[in-house]
Amino acid sequence: WRPETSTFHFPIGELTMTLQDIEVLGGVKVDGNALVSDESGFTTTAKHALVTDLLGIVTRDTFTDDGMIKFSWLCYTFNPQSVNKFSSVDYIMRVTRACMLLIIGSQYLQDDKGVGVPVHYLAYMRDFDICGQYSWGSAILGYTYRSLTKAALIDKRGKSKRGVTGALQLLQYWAWSRFRFIRPE
């Protein structure tokens, strides 16, 4: 991975995952409004208020030490099987947001610990009609590029500063679609 060009360098040339790959392989929308995320503006109070507003509940087990929403809390608190014909629309929307956070955080925007999803993505799920207009694919590709770049940086001891995170399944699908010699038989 060459951080200067955001490409993989091979004997045959340079290759990289593109927005088209994200859309075709991942089925994720790549056109639309940009997701502009700046988690630095989210204080602990703001995170609690956002989660309370959109998910309806905050407990002491909601957040990781670095302020992300825990996957375990989402799974335990919002079981999709609990939705039935008697569930309120508000409850169904909360469970849907929780499921969306689980998918986005575990499949597309993975962190190096694998325990949570950044709170600021929940803010984009306030209105489902608007949520579908965002270019989630652009955010996923940018996050994956940034992750690969951070993993490629070597410290003074000759070690990577960080593991690879991001859309790793999509990256694997992309590699399988481009390199026949690594495909499983």
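Notes on the structure in this doc start here. (Residues numbered from 1 in each chain as written. Predicted model: local features only at pLDDT ≥ 70, side-chain atom pairs only at ≥ 80, totals over all residues. Heavy atoms only, no water.)

### Some points on the overall build of the chain
Item 1. Helix and strand counts for the chain come out as 7 helices and 4 strands.
Item 2. Counting helices and strands in the order they occur from the N terminus, the chain gives β-β-α-α-β-α-α-β-α-α-α.
Item 3. Taking all 185 residues of the chain together, the buried fraction comes to 36%.
Item 4. Put simply, the chain shows about 10,900 Å² of open surface, and 55% of that area lies on carbon and sulfur atoms.
Item 5. If the 20 positive side-chain charges of the chain are averaged to one point and the 18 negative ones to another, these points end up 4 Å apart. (Helix = DSSP H or I, 4+ residues; strand = E, 2+ residues; numbered from the N terminus. Buried < 20%, exposed > 50% of the residue type's maximum accessible area, 1.4 Å probe, protein only. Areas by Shrake-Rupley, 256 points an atom, 1.4 Å probe, with all protein chains shown as cover. Lys, Arg positive; Asp, Glu negative; His and termini not counted. Charge placed at Lys NZ, Arg CZ, Asp CG, Glu CD.)

### Focus on helix α7 (residues 168-178)
Item 1. Within the sequence span of α7, burial applies to Leu 170, Leu 171, Trp 174 and Ala 175. Projected down its long axis, α7 shows its buried positions confined to an angular sector of 140 degrees, all on one face. (Arc of directions from axis to C-beta.)

### Quick notes on the nonpolar core
Item 1. Leu 55, Ile 69, Leu 74, Leu 101, Leu 122 and Trp 136 are the most contacted members of the largest nonpolar core, which has 44 residues in total.
Item 2. Taken together, the elements giving at least two residues each to this core come down to α2 (44-55), α3 (71-77), α4 (89-108), α6 (136-152) and α7.
Item 3. If one sorts the elements of this core by residue count, α6 sits on top with 7 residues.
Item 4. Those residues in contact with Trp 136 that lie beyond four places of it in its chain are Val 28, Lys 29, Leu 35, Ile 104, Tyr 121, Tyr 124, Met 125 and Cys 131. (Core = buried A, V, L, I, M, F, W, Y, C linked by side-chain atoms within 4.5 Å. Contact = heavy atoms within 4.5 Å.)

### As for the side chain of Thr 7
Item 1. Following the sequence through the fold, Thr 7 ends up in the segment before β1 (8-10).
Item 2. Using a relative accessible area of 9% as the deciding quantity, one classes Thr 7 as buried.
Item 3. Setting aside anything within four residues of it in sequence, one finds Thr 7 in contact with Trp 1, Arg 2, Glu 14, Leu 15 and Thr 16.

### Some remarks on the packing of aromatic side chains
Item 1. Tallied over the entire structure, the rule returns 11 aromatic pairs.
Item 2. Within the aromatic cluster, the residues linked to one another by ring pairs are Trp 1, Phe 8, Phe 10, Tyr 145, Trp 174 and Phe 179. (Phe/Tyr/Trp six-rings, centres within 6.5 Å; stacked < 30°, edge-to-face > 60°.)

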